Amino acid sequence: MADGHQHPIEHRFNPYAENGGTVLAIAGADFAVIAGDTRQTEGYSIQTRYAPKVFKLTDRAVLAVNGFQADCSEFVKRVMQRIEWYRHAHSKQMPLKAIARMIQTMLYGKRFFPYYTYNILGGIEEDGTGAVYSFDPVGSYEREACRAAGAASSLIQPFLDNQIYFKNQTPAPGAAPFVPGNLPIDVVLPIVIDSFTSATERHIEVGDGLEMFVVVAKGRDVSQLASLNAEEIPATNPGEERVFIVRRELKKD
Amino acid sequence: MTREPQTQQQDSHKLTVFRNTYDSDNTVFSPQGRLHQVEYALEAVKQGSAAVGMRSKTHAVLLALKRSSGELASYQQKMFRIDDHVGIAIAGLTSDARVLSNFMRQQAMSSRMTFNRPVPVNRLVSAIADRAQVNTQEYGRRPYGVGLLVIGQDQSGPHLYEFSPAGNSYEYFAMSIGARSQSAKTYLEKNFEAFEACSLEDLVRHGLHALRETLQQDKELTIHNTSIGILGPAGVHEQATAASLGKEGVFRILEGESIQPYLDSMLPKEVPAPVHAPGAAAAPAPAPAGGEPAGEAAPEAAPNPGEEMPGALPTDDDVNMG
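Cut-offs applied
Residues numbered from 1 in each chain as written. Chains lettered and ligands numbered in written order. Predicted model: local features only at pLDDT ≥ 70, side-chain atom pairs only at ≥ 80, totals over all residues. Heavy atoms only, no water. Helix = DSSP H or I, 4+ residues; strand = E, 2+ residues; numbered from the N terminus. Buried < 20%, exposed > 50% of the residue type's maximum accessible area, 1.4 Å probe, protein only. Contact = heavy atoms within 4.5 Å. Areas by Shrake-Rupley, 256 points an atom, 1.4 Å probe, with all protein chains shown as cover. Lys, Arg positive; Asp, Glu negative; His and termini not counted. Charge placed at Lys NZ, Arg CZ, Asp CG, Glu CD. Pairing = 2+ DSSP bridges. Axes fitted to C-alpha atoms, helices over the stretch in contact; angles between N-to-C directions. Phe/Tyr/Trp six-rings, centres within 6.5 Å; stacked < 30°, edge-to-face > 60°. Lys NZ or Arg CZ within 6 Å of the ring centre and 35° of its normal. Polar contact = N/O pair within 3.5 Å; in protein donor to acceptor, adjacent residues only side chain to side chain. Expected span 1.5 Å × (residues − 1). Arc of directions from axis to C-beta.

Counting its secondary structure elements, chain A contains 5 helices and 13 strands. Seen along its three principal axes, the alpha-carbon backbone of chain A occupies a region of about 70 × 55 × 30 Å. Within chain A, buried positions represent 47% of all 253 residues. Put simply, of all contacts in chain A between residues at least 6 apart along the chain, 65% involve residues at least 24 apart. Accessible area for chain A stands at about 12500 Å²; split by element, carbon and sulfur atoms hold 52% of it. Positive and negative side-chain charges of chain A, numbering 26 and 30 respectively, have mean locations separated by a distance of 3 Å.

In structure tokens form, the structure reads like this:
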């Protein structure tokens, strides 16, 4: 202002920070992929090249958190505690839609001092279908086929809309109409990897490493994952859903 | 007028008459320096069905006899998972047991949250012991009516603790609590030196033998009335789920069909020969049939040493007692 500071200017402690990074999740017919880069930034600095943003909650649910890392990690711990209590009380794992609704109530509980996190929950529903739920910081949520959140969400979400929902595409003449939500794993995983490599090129807060969690429904064939160097996370209840993790490098500049 | 208070060794159902004046308030000592309310709480533990615990160098196991209030009813749950590395078996008031197990779960979770490591088992057991002691010293409160056997694992290996309503907790190699537990204790005392080097299967077999000692006549251990809790690396019968148990072997409760192989491994019950042999309606030499769980109508010839008076035990349809 050109008035030479004639009026008082309030200075306050800002309880939030922006730690960069991006997460995304895509649901298939009987699997779900939940991915996030591993770079953590503040401003133009890199705080660390490896800070996980995607966490396994149960054999069938994986949560990606992004925004203000302190709120994100605290929120994940609290969600995991609530899920453990559910297991104590019901002697079984919490279903995905119940976790989603619970996350809403936990977020809205801090409506007037929110967790600065953009959450994406992915996994397998009780009926065996792949599902993705995305949340805003105060708990508004919706089940979708795919969602990107975080620093590069504006770069990735339009790409996903085109590739997963087939938006702004017309089928070739004589070909069958597109049916979103039925892509196989070997098509979805390259879409995820390409989303992140492209975001890394154009967004400074994205890069360093990529972690993709793949949750597969009970009994589903997992041979496609073997070629990708996927590591299985041992299940709490064997013989049910399974969770695999695939890691890739991303550019470090 | 005051009567001479009787000592503990009298039949339990006669005791109340003589201890009347000093036993209504928790905060009143008897002239002998005893708190009778606490001692009555210990009686409540003895009313619950038996539970046995033991440990080896690599594993700790709990075994419990589940009671059911009738043919149509389900069997009362005797074991609870507290955390991946801690499990408990209860004897006594099940509602008190739920409250204590809830508290233990809270403690275990908050320890993980605050210190990013599993709660040390001795610290957890001390926490409930301290809580229970409060109830033995505050006016208007009653002691907890449940005893626990706690198994847990830390860097120094597996551990077994007994918790009692008196607010005491001790560590043991092997222990049993609940109805007719003295019979199980006798078995454990005879065999405990072997436990240290036992495999998981042998340890469970010893535990089943000990639990069998607490059975009433004509009863036997079945997949319906027996619970087994295991802590430690996966055993021979658990190979299908070995990956999910992890290297340490998280606490798991086995019930139903999955305990059949363990029951099958039990040895036939040995019946000691009667003192006067000829003409006595004595039991024959150890039963020939291989691998059958106990239940032969033999006990009348050889009463178990150290047996408590059976008088005051509840019937099985007491739904509050587990």
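On we go.
This paragraph deals with the sheet that holds strand E9 (residues 141–144) of chain A. Residues and elements named next belong to chain A. Pairing in this open sheet of 5 strands is antiparallel, and the strands run E5-E6-E7-E8-E9 from one edge to the other. Across the chains shown, the open sheet's two edge strands, defined by having one partner strand only, are strand E5 (54–58) and E9. Within this sheet the neighbouring strands show an average axis-to-axis angle of 25°, counted without direction. Strands in contact with helix H2 (residues 96–108) are E5, strand E6 (61–67), strand E7 (117–124), strand E8 (130–135) and E9; relative to E7, the strand with the most contacts, it is inclined by about 165°.

Turning to the packing of aromatic side chains, a few remarks are in order. All names here are of chain A. Under the defined criterion, the tally for this structure stands at 9 aromatic pairs over all chains. For the ring pair Tyr 133 and Tyr 141, a centre distance of 6.1 Å and an interplane angle of 40° mean the geometry is tilted. The class for Tyr 141 is partly exposed, based on a relative accessible area of 24%. Relative to Phe 178, the ring of Phe 166 has its centre 4.4 Å away and its plane inclined at 15°; by these criteria the two rings are stacked. Separated by 12 residues along the polypeptide, Phe 166 in the loop between helix H3 (153–163) and helix H4 (185–202) and Phe 178 in the loop between H3 and H4 bring together distant segments of the chain. Relative accessible area serves as the criterion here: at 35%, Phe 178 is assigned to the partly exposed category. Among the aromatic residues, those joined into a ring-pair cluster are Tyr 16, Phe 68, Phe 113, Tyr 116 and Tyr 118. Lying across the ring of Phe 113, Lys 110 places its NZ or CZ 4.5 Å from the centre.

Take the side chain of Thr58(A) next. Residues and elements named next belong to chain A. Here Thr 58 shows up in strand E5. For Thr 58, a relative accessible area of 3% puts it in the buried group. Reaching out from Thr 58, the side chain makes a polar contact with the backbone nitrogen of Ala 61 at a distance of 3.1 Å. Setting aside its immediate chain neighbours within four residues, Thr 58 contacts Ile 83, Gln 93, Ile 99 and Val 243.

Residue and element names in this part refer to chain A. Spatially, E10-E1-E2-E11-E13-E12 is the arrangement adopted by the 6 strands of the open sheet, whose pairing is antiparallel. Taken across any chain shown, the strands that pair with only one partner, and hence form the sheet edges, are strand E10 (146–150) and strand E12 (231–233). Taken pair by pair, the neighbouring strands of this sheet meet at an average axis angle of 20°, ignoring direction. Looking at chain direction, E12 and strand E13 (residues 242–249) are connected through 3 bridges and run antiparallel. Bridging from a neighbouring strand, Glu 232 pairs with Phe 244 of E13. Set on the sheet, H3 makes contact with strand E1 (22–27) and E10; between it and E10 the angle comes to about 170°. Set on the sheet, H4 makes contact with E1, strand E2 (31–37), strand E11 (209–216) and E13; between it and E2 the angle comes to about 15°.

Right, let's talk about H4(A) for a bit. Residues and elements named next belong to chain A. Along its 18 residues, H4 runs 26 Å from first to last C-alpha, staying within 8% of the 26 Å computed at 1.5 Å per residue. For H4, the full list of buried residues reads Ile 185, Val 188, Leu 189, Ile 191, Val 192, Ser 195, Phe 196, Ala 199 and Thr 200. Within H4, the buried residues cover an arc of 165° as seen down the axis, which keeps them to one side. Each element contacted by the buried residues of H4 is listed here: E1, E2, H3, E11 and helix H5 (223–226).

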